[in-house]
Amino acid sequence: MSDDLKSGRIVIVGASLAGLRAAETLRDEGFTGDLTLVGDEPHPPYDRPPLSKQVLLGRVPAADVGLPARRPVDARWKLGVRASGLDPATKEVLLRNGERLPFDRLLIATGTRARPWPHPEEARLDGVLTVRTVDDAHRLAERLDAGPRRVLVIGAGFTGSEIASACRERGLAVTVAERGPAPLVGALGGTLGAFAARLQRAHGVDLRCGVTVTSLTGDAGRLTGAELSDGSRIDADVAVVALGAVRNTEWLADTGLAAGPRGVACDAGCRAFDMYGIVTDDVFVAGDVARFPHPLFEYQMLALEHWGNAVEQAEVAAHNMVNPGPRRRPHLAVPAFWSSQFGLNIKSVGVPTFSDQVTVAQGSVEEGRLVVVYGYRGRITAAVSVNRAKWLEHYRHLIETAAPFPPEPGAADRPASPKVVPSDVPDPRVLSHGPTVALTGHLPDRRLAVVRPMA
Amino acid sequence: MSTETLLERINAYASRPDPYPLYTELREHGVARQDDGSYLVGTYHEIAALLHDPRISSDVRHRTHPDLRDRPEDLPPSFIAVDDPEHDRLRRLAMRHFGPPHSPGRIDALHDDIVDVARELVDGLRGRDRIDLVDDFAYPLPVTVICRLLGVPREDMPEIRGWTNTIIASLDRSPDEDPDGRLRAAAQARVSMAGYLGALAQRRRERPADDMISALVHDDGPEGRLTEPELTTTLTLLTIAGHETTVNLITNGMLTLLRRPEALERLRREPELMPSAVEELLRYEPPVQMLPQRTPLTDVEVGGVTIPQGVPLFLVLASGNRDPLRFEDADHFDPARRDNQHFGFGSGVHNCFGAPLARLETQVALTALLHGLDAPHLVEDPPPYRHSPILRGPRHLLVTGDVAAGAGA
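Residues numbered from 1 in each chain as written. Chains lettered and ligands numbered in written order. Predicted model: local features only at pLDDT ≥ 70, side-chain atom pairs only at ≥ 80, totals over all residues. Heavy atoms only, no water.

## So, the domain arrangement of chain A
Residues and elements named next belong to chain A. Domain annotation for chain A reports domain 1 (2-113 + 246-327), domain 2 (115-244) and domain 3 (336-424). Computed over C-alpha atoms only, the centres of domain 1 and domain 2 are separated by 31 Å. Summing both sides of the interface, domain 1 and domain 2 together bury roughly 1600 Å²; the carbon and sulfur share of this comes to 59%. Interface area lost by domain 1 to domain 2 is led by Ser-52, Leu-56 and Leu-57, which between them contribute 35%. Viewed at the interface, domain 2 and domain 1 are joined by 3 salt bridges. Here the residues of the side of domain 1 that touches domain 2 sort into 8 nonpolar, 4 polar and 6 charged. (Domains from an automatic or database assignment. Buried area = accessible area lost by both parts, 1.4 Å probe. Salt bridge = Lys/Arg side-chain N within 4 Å of Asp/Glu carboxyl O. Nonpolar A, V, L, I, M, F, W, Y, C, P; charged D, E, K, R; others polar.)

Written out as structure tokens, the structure reads:
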């Protein structure tokens, strides 16, 4: 049985971080069979975090962000081809070019794409861009090189804020429009949202919160600016649409899998559920497209757009694809992500949105160096550091052990009188951008999961 | 059974060649209170928890028993001996000129220099049938490198070596000696060394060169510069820590390989294993065996034991590195070991400032020795050790054989 799992045919749909790391792990674990990777982009796997940072600053050319190979994977690469469907009965992946790829086990790692501007005509204006792929980043970097008079960033989540930071570092005028009350508030809550708002303004960002962009305007096909819901108008040559991500699950629409706008539901071992909540044994999921139950967050299904999650989940999925039941491992890693913007390193462990209260446990907002700890019903569920990342290991342990909130006093750099305040995490629906961490309820069945489209 | 405490037995000079059985005993005790009220921790996960805990201070002024503070307060403490936010500020101002994000190329730029220094030293061994690996190689290599990096004139090094030895001796806790005398001598050495480095910094202020001291005194960063006392204390720290531990790492490394001819041969055949072999050396024979200056700022519970506020807390890193609950086959030296998150450089906010330099120096040094020495053999095993149980390493490592037949080819 075990030997059978080390051979046969494995297809991985998705040739980015999760797909590559899964392929490497399969070979590390002794898989000797046929391995095929399918990717809709023409490029070999590359690293996305630099696309909204170093690439936009011109420090790293967009062509130089390829992911290092940890080992040879001896795979067939089908790049520039999109998967269009899946036949669960015959166990074949259908490609848009008509090809059919038979598999014994399948890994779905199709990730997400940038949510487009909702008005297609406006989206086609020259100067309206999104940033998700290396080609997107290359186009935006070229636009920024040309010295636009003003850049409009729509959506102040992590991607939008990092893009605004890069613009300011290049000395470009930038307006950020966000429907929510502050930048990053959807991921980090009120305390750090207010901090981020002050930070952006101190760096010269024209930050407009509580407004939406009602239309993008153009002249002869070129973007000229935008109209905002408060009646004001912005003149801009470039508009970056940073409204969050859309999960690439449409190709699975009629397969009977529990796949929908919130991702593909899977169990703790990365095995996909079908639409009745029955777990499959030959279809696995990893990375941004996965929704998986996490015991630290009341077994709610989490959907994470994090680099670290893509790596860890891909490794667990790959291990479980080539090992029999008793040797399978759960994906239990505590979620973690980082961002760099406006000269600061922001790092998070746990799920800050799974909280009702926060406290500044170390440092202070005034210093601009601090650790904010999040609690939910009296236990610690997350911590976010600003220029204090090395302390997070301590809080990760507290999260894993469900330590009481607020954390025990005694830290050398604890504020004189730490206050516990509401975490003020807004409903994602009031934000411009989609959440990068989504708590998506307990049910794997997409028919039962309530999916509210962005209004 | 001895009435000595475990800490006293570890500190005893007779334990220096092989303290590891005592560490095994320590791990069996869990978090171990000593008769003098201090606490010893030698298990991996408990050490990790304490290294990352913001309630554990590195500043001995927080000890409740004044006799145990044991540090003259004539100079401000360096950043390894203070807590955040002060530690963070001092370390950051120094790091601006040493590593990323402000100086990402500083260490890489030293690579060719280090290779040249190592090759010259190995060439100098040519024709000798007996060498002292410490005096002839492991000491001069990092000293030359740290002098170049900081901008300390090479000819002043003997004086610095004297001060360094006196300061290091004060870290020891041997009950049979007069600790006051050693502490006074160390305080004097600190003052002398700070005076010397302050004068050197003044020369660089007037006439900058391409070195780290010049960069520090001409820093125009947003947070300003180190004050004069901060500067001299930081430079003292970087000078001492910048070579002292690397000498032991290189020497412990060669000792370990000479005891294991199969590992030595494998590294010759597979030079690409050198980076992981150095990580394994940092686990297996770390140059810093324990951190002696931690103190809880409040009662802290770890491993089911409450360590009271203000007591001396010793984290025995070398014991954590051999913890079988963390490392498979922990007493086995495996140059290709994976998942090797050792405490050779500590962990947490105080993790080794110079780690990237020490890694590079040791990789280059061992590579040069493996290819420069033919059929080397240990003259005596165990070799004579230096006194310190904290910064542990051989005083001399005599090696014989056709020592330099292949050198300089």
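That covers the picture; the talk isn't over yet.
## What to know about the packing of aromatic side chains
Tallying each qualifying case throughout the model produces 11 aromatic pairs over all chains. On the numbers, 5.0 Å between centres and 75° between planes, the contact of Phe158(A) with Phe337(A) is edge-to-face. On the criterion of sequence distance, the pair formed by Phe158(A) in helix H5 (residues 158-169) and Phe337(A) in strand S24 (residues 336-341) is long-range, its members being 179 residues apart. By relative accessible area, Phe158(A) is classed as buried at 10%. Ring centres of Trp163(B) and Tyr196(B) lie 5.8 Å apart, and the angle between their planes is 50°; this geometry places the pair in the tilted category. In this pair, Trp163(B) is assigned in helix H8 (residues 157-169) and Tyr196(B) in helix H9 (residues 179-206), connecting sequence segments 33 residues apart. Take Trp163(B) and Tyr196(B): they sit in the same class, and that class is buried. (Phe/Tyr/Trp six-rings, centres within 6.5 Å; stacked < 30°, edge-to-face > 60°. Helix = DSSP H or I, 4+ residues; strand = E, 2+ residues; numbered from the N terminus. Buried < 20%, exposed > 50% of the residue type's maximum accessible area, 1.4 Å probe, protein only.)

## Observations concerning the sheet that holds strand S23 (residues 300-304) of chain A
Residues and elements named next belong to chain A. With mixed pairing, the 5 strands of this open sheet are ordered in space as S18-S19-S22-S23-S30. Because the sheet does not close on itself, it has two edges, and the strands there are strand S18 (259-260) and strand S30 (437-439). For S18 and strand S19 (residues 263-265), the ladder comprises 2 bridges, and the chain directions are antiparallel. What sits directly across from Gly-260, in S19, is Gly-263. (Pairing = 2+ DSSP bridges.)

## Details of the side chain of Asp413(A)
Inspection of the secondary structure puts Asp413(A) in the loop between helix H8 (392-400) and strand S29 (420-422). Separated by 2.8 Å, the side chains of Asp413(A) and Gln362(A) make a polar contact. Each residue touching Asp413(A), except ones within four places of it in the same chain, is listed here: Gln362(A), Gly363(A), Arg388(A), Trp391(A), Asp84(B) and Pro85(B). (Polar contact = N/O pair within 3.5 Å; in protein donor to acceptor, adjacent residues only side chain to side chain. Contact = heavy atoms within 4.5 Å.)

## Notes on the side chain of Arg283(B)
All names here are of chain B. In this structure, Arg-283 sits in helix H14 (residues 274-284). A residue is classified by how much of its surface remains accessible, and Arg-283, at 0% relative accessible area, is buried. Within the local environment of Arg-283, its side chain forms a polar contact with the side chain of Glu-280, the two groups lying 2.9 Å apart. The residues touching Arg-283, leaving out its near neighbours within four places in the chain, are Asn-321, Arg-322, Phe-327, Ala-330, His-332, Arg-337, Asn-340 and His-342.

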